[in-house]
Structures are given as structure tokens and as C-alpha cells.
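Here is how the chains run, residue by residue.
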Amino acid sequence: MNPSILPGIIRGLGKARIQFDKAYENRKILSLHNKQISILEKIDFKNKDFSKSSVFKASKLISDSVFDEVIFWTLLKLIHSEENGGICIPKNDLVSFIKNQNPKLQVEIAWQKYLDQSGDNSLLAFEGEMVYLKSLYQTESFVCDKLKLFFETSFPEKFKLFKDKNLSAEQIQIINSILKNGISFVSGGPGTGKTTIIQSILKAAIENKINPEEIALLAPTGKAAKRLQESCQTLIEENPSLEPSTIHRFLKYSPKNGKFRFNSENPIPHKLIILDESSMIDIFTLKALLEAYTNEDKTKRIVFVGDPDQLLSVNTGSIFSDFISLNRNLYTLTQSFRQSKEGEDIKTFANYLKNLYKANHTPLPEIITIEKNITNSKNGVRALDLTKNAEILNHALEWYKIHSQTKESIQILTPYNETEIGIKQVNSYLEENLPTQSKIPVIVRQNLYNLGIFNGETGLLEQAKTHSLFYPANKEKIEISESNLQYFNSAYAITVHKSQGSEYDHVCLLLPAELEEPDSLLNIRIIYTAITRAKKSVTIIGSLSLFQKSLLNKGEERHSRISNILK
């Protein structure tokens, strides 16, 4: 379809153009685009079945001369799936979806005709019972081929066994097993000692004569990399080359050309890579890493560490979950060290959610105490059942007033950016209704490498006439220039996504009073991630009916064949 016409049609403005063409019998435009326009008008953007960008991409990919309704719906659904993290779609699901749009369509015949006509230029790929965008099929195949080399790698020679009286028998066994593998996966919930395992793997590797300069500590985000640096500070002081980095920074990504300096032609010389917060890694980032970290000589190791029950990557893929379901070279941490006795209810609630993820029932957990007013909750899990968003904001304000009087760390969390209980509305409401403060909570929204501050990092900001001071948690203050203030936003409330990997003494989770449409953000992963940020207490404010429904929502399923290919 002509790209100059398309944006107007998608915005709904094309209807005026269509009426004009009909009135003046512009047969040329109508004959070319009548079919496309009639199909586009079937899409209900108000219900957000598809984003406008996905419709635009699907329409642009098909030329006017070969437009086919089956191929349009196929591309649209696959692009939509990619936008929501999926790599492929089961063939039967795709056939059912297309038949729902038009029962007369002969889907599989149209697919075969398209493949015959397009040949190597096909935008689609079919493998087993899955349908792909060809580009994603090639990416998945590449990643799996590279990972197979690590699975084929082993180190049978004897190693000096790692010992540490401060570690559990489970942890010691895992550390000594990992050194024998080319690839390993460490899975554990909050507080189960994942960071301790990373520190110990580093120590064991160095003890066994692996050069620290050949070891890389990586994380998906700057915030996660900084936390890793703080937890491994002693080791890093002894071996500066171990300083953690984001994957993109490690590979020397250039925003100007969108390429990495380290790649297949300029590989990384390292022998061991440890990836923390692996649940946040998407397939494209992993592909870039594996292009540069090749293992054809089978002398290298890679270790993925993460919590498979937390939120999935923002971009395409559920890579770490796929690895866990593979159940090869998997080491699961079971003992929790984070929560004190004060946080025992949170641990119980988290385990309840893990078990619930595998079941389909949602009784309100007995561990939750239902209250009518905000109290100074020093421990446990509490909830206020509210039916109006205005009431939710009022109670969030009250919660903040009470808990900010203590010296303990606190945070309000919400799944949303833009809604009535999204971060913009909540932060604005608290700013207007709290007394003027010399220091306000803020979140950084861009990596400021020269200051050692990273996207997603939180702290307090004190503004003065000539300069401002940023106080990161448990760190020395940092002077902030006026030009850098634009990268700091209010953080009385932050999204659950931004909180991932952090921990606070007390957490307040806001849920909406009602839903006007299906909401994929209200799912069990959001709830699990939010409540496990807390060490002592959690207060849930919002509709408990929606809370229960969210526990049944596992989020939009992300399909791939990674675990099947690597078995």
C-alpha cells in the first residue's frame, strides 16, 4: 500500500480521503487500495487489539501487486507477537485467528502459494508447528547453534575444590559443578544467594588459574551492573578488570551506526562470562553477545544467573525461562537468606505465588491481612480493598507520610506509567499534597557514566541555587549540574519494572479500582516481582477483586522453540 496514504487510514483520517475518492470516482486509487482499506477498517484500535505501529509495519511489508489477506493477517499477528515478546506463534493458533477475521480464507493454501512465489525473499518461516517472521527464525537459529557449542564443552580435568565455611552445602556443590561445564544456569528467588554464588564463582575461577582479565561480569542494565559492582567490591578492588558492565557497553555499542565494535569479525578474548539478572535478557542482545563470544574451540564458559519468576525482558524473548524449562546444567537455589523473621510472611506469600503459577485457583491468601486504614506496618502483608482511584491516591499519600518518618527504605510501586494510578499521576499527587521537602526521592532515567550514575537508580535529590546534590542509597553525595537535572524524575512512585532487582524494607503496591479493558500488565509476574522487593512489609492498595484476577493472568504467552532445539 502507498505509504503516504497509510498513516491517515490507520489514524482514522483516511475515511475522509475514501469519501472524496468515491465522490469523484477516483477509480485508480480505489482499485488499488479498496481491499486493503476494507481490511484495515476491521481493526478496532480503541480495544488495542493491535498497535498502530504493528499495522503500519504489516501493511508496508506487502506490496500492492501481491497483497493477500491471509499474509497480511499473518504478518500483523507475528509483528504484534514480537512487540509483546514472542518469537513465534503456534500454527494452529494462527489459523484460528485468521479464520476469525474471515472464515472464507484458505489459510494454509495461501501460505504455500506465498512461499512458492516469494522463495528466498519470503518474510515468513515455518518450522515444525511454529510460524515465524523469517528474521526472528534466523535469530533464534543462530543463538541456538552458538549455545550448542557451549553445551558440547566440558572441563573434565580436576579442579581445586572451592571451600567456604560461610556458604551452605548447596552453594558449595553448585559452585564446584559450574566450573566443569561450558554453560550453566543458576536459578533462585529473591534472597536465595545468587549474588553470593557469583562472588564465589569468581573466587573459584581465580583459584583455578583463570586470568581475571579473561572474566567478564555482565548485566542487562546499568543499574543491575552497578548493584553487581557494589556486591563484588572487594574482589574488584583486588582485580579491577572484573568491574561489571552492561552487555551493550561491554560490546562497545555505537548508537550512531547501531553496531557493536566486538562482533564475529572482532571477537572477545574472554574465557568466562557471568550474566546476572538473566530474566531481563532479550534474544537480540544475546545474539549480539554470542556473535562476539564464539566458542568454536570449546574452551569457554558462560553462566546465566536469574529468577525465572520475575518479569520477562522488555524486548523479544523469554530466554531465561526457556533455559530453565530445558532443565540442563540447571542449579536451583532453594534457601532464602534475604528476609528476616519480620519478612517471613513475604517469603510465604512469594512461595504461594510460585505454586499458584502452576495451578488455576485464586483464593485470597490467608497470609494477607485485610485492613480499612493505613497503619505503620512493620511486617507482614496487608491490603486495603478500594473501589475508587481517588481513594487509592489518598491512601498512598497516607502510607507515604507514615512510613517516611522512619529511617527504613520505602517505595510505592505501580504497574503503570500513564493511568490514574500510574507513576505520573501518583508522583504529581504526592508532590502537591506533601509538605515542601529539602530532599525529594528521584529516579535516574539515563546512564550518566561520567558520574557513575545509571538508568533506574534511585536516591534523594537536594536542589540549590548553583547546583544540586544526588544522594544514592548508602553512597556519598554526587554534585549534579543543571544540564543533567533533566535526567531525574520524581520517584515517590516507580513502576514495578523499574524496581526489578532492588529491595526495600517496606513496599506499597497500587492496583486500579477497576478495569475498563483487558490489561496484560496486571499479571502474576507483576505481583510476584512487586511483593518480593520488600524485606519487611507489603501493603496492597486497590481492588482485591482485580488482585485475585491478576493472579490467574500469566501474561501474554511468549512462544519459542529454544528449549526444544537445545534438548
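Here is what the cut-offs are and how they apply
Residues numbered from 1 in each chain as written. Predicted model: local features only at pLDDT ≥ 70, side-chain atom pairs only at ≥ 80, totals over all residues. Heavy atoms only, no water. Axes fitted to C-alpha atoms, helices over the stretch in contact; angles between N-to-C directions. Helix = DSSP H or I, 4+ residues; strand = E, 2+ residues; numbered from the N terminus. Parallel < 35°, antiparallel > 145°, perpendicular 65-115°, else oblique. Left-handed = near helix turned anticlockwise from the far one by under 90°. Contact = heavy atoms within 4.5 Å. Nonpolar A, V, L, I, M, F, W, Y, C, P; charged D, E, K, R; others polar. pLDDT = per-residue confidence, 0-100. Core = buried A, V, L, I, M, F, W, Y, C linked by side-chain atoms within 4.5 Å. Buried < 20%, exposed > 50% of the residue type's maximum accessible area, 1.4 Å probe, protein only. Arc of directions from axis to C-beta. Pairing = 2+ DSSP bridges. Salt bridge = Lys/Arg side-chain N within 4 Å of Asp/Glu carboxyl O.

1. Regarding the packing of helix α5 (residues 69–83) against helix α6 (residues 91–101)
Viewed as axis vectors pointing N to C, α5 and α6 meet at an angle of 125°, and their least axial separation amounts to 10 Å. The orientation of α5 with respect to α6, classified from their angle, is oblique. The way α5 lies across α6 gives a crossing that is right-handed. Residues V70, W73, T74 and K77 of α5 form the contact with α6, whose own contacting residues are L94, F97, I98 and Q101. Counted by class, the contact of α5 with α6 contains five nonpolar, two polar and one charged residues.

2. As for the confidence of the model for the protein chain
Low-pLDDT portions of the prediction should not be read for the details of their coordinates. The predicted model of the protein chain averages 86 in pLDDT, with 88% of residues at 70 or higher. Predicted confidence is poor over residues 1–5, with pLDDT under 50, and the contacts of this stretch with residues over four places away or in other chains come to 15 contacts. A low-confidence stretch, residues 23–32 (pLDDT under 50), is modelled with six contacts involving residues beyond four sequence positions or located in other chains.

3. Brief notes about the nonpolar core
One finds F72, W111 and F323 to be the most contacted residues of the largest nonpolar core, which totals 67 residues. Broken down by element, this core gets its largest block of residues, eight residues, from α5. In this structure F323 touches L147, F185, L286, F304, I562 and L566, once residues within four positions along its chain are discounted. Judged by nonpolar contacts, the second largest core, of 56 residues, contains A383, I412, I423 and I526.

4. Section: helix α4 (residues 52–61)
An α-helical segment advances 3.6 residues per turn. Residues three or four places apart therefore align on the same side. Three or more residues of α4 are buried, namely S54, V55, A58 and S59. Projected down its long axis, α4 carries its buried residues within an arc of 130°, all on one side.

5. Remarks on the sheet that holds strand β14 (residues 410–414)
Spatial strand order, β12-β13-β22-β21-β14-β20: six strands in an open sheet with parallel pairing. If you trace the sheet from one side to the other, it starts and ends with β12 (368–370) and β20 (493–495), each paired once. Looking at each pair of strands side by side, their axes are set apart by 30° on average, direction ignored. Bridge analysis of strand β13 (residues 380–385) against strand β22 (residues 534–542) gives six bridges, and the strand direction is parallel. Bridge pairing in β22 links L384 to I541. Sitting on the sheet, helix α17 (residues 389–403) touches β13, β14, β21 (504–510) and β22, and the angle it makes with β14 is about 165°.

6. Let's talk about the sheet that holds strand β15 (residues 439–444)
The strand order across the open sheet formed by five strands is β18-β17-β16-β15-β19, and the pairing between neighbours is antiparallel. Each of the sheet's edge strands pairs with one partner strand only, and the pair in question is β18 (478–480) and β19 (488–490). Averaged over all pairs of adjacent strands, the angle between their axes in this sheet comes to 45°, without regard to strand direction. Alignment of β15 against β19, held across three bridges, turns out to be antiparallel.

7. Let's talk about the packing of helix α8 (residues 134–151) against helix α14 (residues 283–292)
At their nearest, the axes of α8 and α14 sit 10 Å apart, and the two run at 50° to each other. Of the possible angle classes, the one that applies to α8 and α14 is oblique. Between α8 and α14 lies a crossing of left-handed hand. Together, L136, T139, E140, F142, V143, K146, L147 and F150 of α8 and I283, F284, L286, K287, L290 and E291 of α14 make up the contact between the two elements. Within the contact of α8 with α14, the residues separate by chemical class into nine nonpolar, one polar and four charged.

8. Side note on the pattern of salt bridges
Following the criterion strictly, the structure yields 11 salt bridges and no others. The shortest N-O distance in the salt bridge between E457 and K226 comes to 2.8 Å. Linking E457 in the loop between β15 and β16 (458–463) with K226 in helix α11 (residues 222–231), this pair joins segments that are 231 residues apart in sequence. Each of the two residues, E457 as well as K226, counts as buried.

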